[in-house]
Structures are given as C-alpha cells and as structure tokens.
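Architecture at a glance
One-letter residues, chain by chain:
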Amino acid sequence: MNFIGGAWKAPRSGAYYPNINPADDKDIIGNFPLSTREDADEAVKCAHDAFASWSKLLPQERAKYITKFAELLEKDVQRVGEGLCREEGKTLKEALGEPTRGYVECSYFIGEAQRLEGITMPSDRKNVTSVATRVPIGVVVAIAPWNFPFLTPIRKIIPALATGNTVVFKPAYDTPLCSVMLMELFEKAGFPAGVVNLVIGKGSVMGDSLSSNPLVRGITFTGSTGVGRHINQIAAQNFTKVQLEMGGKNPCIVADYHDLDKTAADITAAAFAVTGQRCTSISRVLVLKKHAEELETKIAAKMKGYVVGNGMDPRVTMGPVINRSAGESIMGYIQSARDEGAAIKAGGNQLKGGDYDKGFYIEPTLITDVTPRMKVAIDEIFGPVLVVIKADSFAEALKIANDSDYGLAASLFSDNLEYIYDFQQNIEAGMVHVNHGTVTDACMPFGGVKHSGLGPFSKGATNKDFYTNYKVHYVKYS
Ligand code: NDP
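What counts and what doesn't
Residues numbered from 1 in each chain as written. Predicted model: local features only at pLDDT ≥ 70, side-chain atom pairs only at ≥ 80, totals over all residues. Heavy atoms only, no water. Helix = DSSP H or I, 4+ residues; strand = E, 2+ residues; numbered from the N terminus. Buried < 20%, exposed > 50% of the residue type's maximum accessible area, 1.4 Å probe, protein only. Pairing = 2+ DSSP bridges. Axes fitted to C-alpha atoms, helices over the stretch in contact; angles between N-to-C directions. Core = buried A, V, L, I, M, F, W, Y, C linked by side-chain atoms within 4.5 Å. Contact = heavy atoms within 4.5 Å. Near = heavy atom within 4 Å. Polar contact = N/O pair within 3.5 Å; in protein donor to acceptor, adjacent residues only side chain to side chain. Areas by Shrake-Rupley, 256 points an atom, 1.4 Å probe, with all protein chains shown as cover. Expected span 1.5 Å × (residues − 1).

Topic: unusual backbone geometry
- At Val274, a residue that is not glycine, the phi angle is positive and equals roughly 55°.
- Checked against the element boundaries, Val274 lands in the loop between helix H9 (260-272) and strand E13 (282-288).
- The backbone phi angle of Asn435 is positive, close to 65°, even though this residue is not glycine.
- For Asn435, the location among the structural elements is in the loop between strand E21 (431-434) and strand E22 (449-450).
- Asn435 gets classed as partly exposed once you look at its relative accessible area, which sits at 21%.

Listed below in structure tokens is the structure:
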C-alpha cells in the first residue's frame, strides 16, 4: 500500500507487482502497488497541504517527532535488518548496518536543525539591522535507489522534515518493503498526516509527474547518472532545486606505500562490500608497475576468503546481485574485458548449481592487464568486479584517474608526502581518502563532482543548504 495523507491507500491502478528475494526467486516477499501519476499527484498535494502547519512548528517541536522516530528505529534494528537482507540480498551483517547508521545520522540532524544559523552583518546604512534567516523550501521529493534502501531514504527524509519541509518518497522498484517499514515507523512516531508520504511503483511511470509538479520545490535523488540528468532537465522547467547523487568509477592509486597487505585488504573490502553495488565502491586500481604483480596477487588471495551465497546464512560474506538483468549486464562486462584482451586474475564466473540457481550469484572478480580505454575501465559496472591498470608514474596514474566523466570518491595509498598533497589538490572527486578505502563518516558531507553529483552535498553540515533557502530581512528602526 501507499502511505498518503496519513493513511494506507491502494494504488488507483488497482495493480500490484511481486517483490522477489534476490537470493531465492521462490521467495515472494509481498505484492506492492504499481502507482499511477494520479497517486503521485495526490501525494504531492497532501504534502503541500501539510507544509503550512509543519513549517510553522518550532524546530524543537519537530525534533520531538524525529526523536520518537529515532527511538523506535533503534528498537527495530533486527527486524529491519532481516527484511532488508531478504529484499536486497546483502548479508545480514551489512543489512543491520543500515538502520544502525540511520539512527546515528538521525541523531546528528535532530541537533543540526535546532541550530540553523543565518547571517548577521553590520548594515551599511544607519539604524538598520540586516539579518538573513533560513526557511524551509516546501515539498521535497525523495527518490532513492535499491542498494541502500533504508539508509538513503533516512538521509533524505529526516533532514527535510527537521528543517520544516514535507516529503513525498519514491523508493526503488526492487526494494518497496524497506520503504513500508520506514513509513510504519513514521506512522508510529505520530507525525501529522501528509508530512511524510510514500508512493510505490515504477519511476518510468510516475517519476516525471513528481519531477514536473510545480508544487514540488526540491528533488533529492540518488541513482544513476542517466536518470539524474533526466530529472534535472525536467526540474529546470520550474526552477526546482535538485540534489543529485549519481554514479561513480572510483579510482584507487597505489604508489610507494609501505604495507601492500593492508592496501590489498582495504581495496578488497571497498570493492566487494554490498557485492560491489555501492556508488563509492573502489572499481579501478591504478598501480605503479613495480608494485603491480605483488598487489594483484595479494588482492586475489584476499578474494579467495569470500563466501558467496544467501546473505541470511551467517557464513556468507557476499550476497547475490540485485536481479537477473543486473547480473547479465555485469557478466557482459566481464566478457567484454576478455574480448578486449584483459586477463581474469580471479573469479569471472556466474555461480551455478544448487541454491545458486535461485538467484544471480557472481564470483568476486579481479581483471588485470586492463588499459584505460577498455569498457571495464570506463563504465560503472555496479557489481563485484575490480579492474587493475598499470601506470609508469604517479603523474600518469593521476591523469588516468581523472580521465573519467565521474568524480565521486577516490583513494590513494602512499607514504610520499608530495604524492599525497598532489592527490588531495588535484584529484577530481567529491570525497578523497588517503591510506584507507572509500569509507565515509556519518556526519561529514557526502557527494560528488562532474557526472557524479549536483547540488549541496548530503549528510553533515552542507545538507541544510539544499533543504533551506535564505530570506534576507532589513529593518529600519528609526
Ligand atoms: P536508477 O537511476 O535506475 O534508479 C534510481 C531511482 O530513480 C529509483 O527509485 C528509480 O525508480 C527512479 N527513477 C527511474 N526513472 C525515473 C524517472 N524518470 N524519474 C524519476 N525517478 C526515476 O538507479 P539504480 O536504482 O539502478 O541505482 C544504481 C545507481 O545509483 C548507480 O549508478 C549508483 O552509482 C547510483 N548510486 C549513487 C549513490 C551516490 O550517493 N552517488 C549512492 C547509491 C547509488 P525505479 O526503481 O522504479 O526504476
């Protein structure tokens, strides 16, 4: 069911689709609405109506609702984690991390929204005070992908609500259960009707109606670069604000670092967590020729430790990919690497037989002898595939790293201060990591440049720049 105006509602189409466990295609998790444009319009109208009173509450009053939500969330971590594991396919340990981290980010924003600083300046006119305050923007549409189906929506909805906006949430087609679990928590926390709404269904059907609705004043989107570009073009017609977090082809340069074991361990973890389906996964290693063979061997050895299977099994360390079409696309990339003359150093196969036939399982895969213009070196594969490109020098590695449309996260392993400084200054990425993998903090800004991001970074202190507008006040008192 959709959650619109404080009530659970059937879609106007009367149509539903089965949500299938990616680890077991016989496990139908439930049937979820195929919403129409009219459902989306109704949700926006409800959010718009609710904005008048929600935006007038004191930040402290809004914080009480969000605190209640966070308390309920903290008690529900196990149930949410299990549902998420069953729906998205990541391991239970990874799945439990989402509500846990969601609670931390929630707590941060409860405080942040109560200290929304403005600007005060001495006026350049006598007897005038000049003050700029922050005001909510209005109805915010939150559109999320399937890979972090619980955490990403929290990262969007909570800051929106805390700063006085109302929300329409459109989850990914593949992960509606998480969106329902999330709405149940908002309902239990007692948020007023219409403040937060959910419409489930296909982005291709109702996405444009959400993006083009003139009552919508902000769209926060996480997903592919193609869909982000499309949303941006539509939103521009109404000058609707956008916060776009999109794809990546995240490089990791290895140049004169004292510990190749640690390097291999960090790269492997950052490449294969969540089955390589993280926007911040390391997907390209750019290594100086002199380290290449040793590093590749160490990474391949670490990869042998992965146990691929159903994420609910505690022995499993890597789950299936999200669905069959994603699996086929990933296998197509591996084949393209073979065709273009690269070498498969580890993995490279779809796992078949027994329980593997119930989902789409791929071995963690390391491709070596890759050159910068190969397809696997350019495209975001979004699966458990890591490619290694050799470079003659640090300068060459940096050049290859930047020769990409993407600019999300980047990592460097080096003891050389000159390289570290050069990398920090010149790598074209929103998030830069030195001597560790692409792991981020809960309360630091998160985002990318070039085709990876547009608009204020989410999380942390920058998020309020998207969820609020400035209003400037001049008062002449005599
Ligand atoms: P998609 O872009 O296909 O989908 C993302 C969301 O957009 C889904 O909810 C989808 O709905 C919706 N959508 C699809 N078409 C439209 C439309 N016309 N208008 C509005 N919304 C629409 O991405 P994926 O779900 O496949 O996610 C993977 C991508 O997300 C990767 O490129 C990855 O890098 C990126 N990503 C980026 C992150 C970042 O922070 N930079 C973090 C995580 C992922 P539906 O599912 O119904 O099609």
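From this point on, the discussion continues.
A closer look at the sheet that holds strand E5 (residues 119-122)
- Reading across from one edge, E5-E6-E24 is the order of the three strands in this open sheet, with antiparallel pairing throughout. The open sheet is flanked by E5 and strand E24 (468-476), the only strands paired with a single partner. Looking at each pair of strands side by side, their axes are set apart by 15° on average, direction ignored.
- When E5 meets strand E6 (residues 128-136), the two strands line up antiparallel, connected through four bridges. Among the inter-strand pairings, Met121 is bridged to a residue of E6, identified as Ser130.

Looking at the nonpolar core
- Within the largest apolar cluster, 51 residues are counted, with the highest numbers of intra-cluster contacts made by Phe69, Phe150, Ile157, Leu161, Phe169, Phe186 and Phe191.
- Apart from residues lying up to four places away in sequence, Leu161 is in contact with Trp54, Arg62, Ile66, Thr166, Val167, Phe186, Phe191, Val195 and Val196.
- Ile253, Ala377, Ile389 and Ala391 belong to the second-largest nonpolar core, a separate cluster that totals 35 residues.

As for the site of the ligand
- The local shell around the ligand holds 29 residues, among which Ala144, Ser224, Met246, Cys279 and Glu380 are the closest.
- A distance of 3.0 Å separates an oxygen atom of the ligand from a polar side-chain atom of Lys170.
- At 3.2 Å, a side-chain N or O of Glu245 approaches an oxygen atom of the ligand.
- Computed on the free molecule, the ligand has an accessible area of 900 Å², of which 86% lies beneath the protein chains in the complex.
- Of all the secondary structure elements, the ones that give two or more residues to the shell around the ligand are helix H7 (203-212), strand E10 (216-222) and helix H8 (225-237).

Points about helix H11 (residues 324-339)
- For H11, with 16 residues, the first-to-last C-alpha span of 22 Å sits near the 22 Å given by 1.5 Å per residue.
- Those residues of H11 that fall on the buried side of the exposure criterion are Ala326, Gly327, Ile330, Met331, Tyr333, Ile334, Ser336 and Ala337.
- Against the buried residues of H11 lie strand E14 (343-346), strand E15 (350-351), strand E16 (361-362), strand E17 (365-370), helix H12 (375-378) and strand E18 (385-391).
- Looking at the residues trailing H11, positive phi occurs at Gly341, about 100°.

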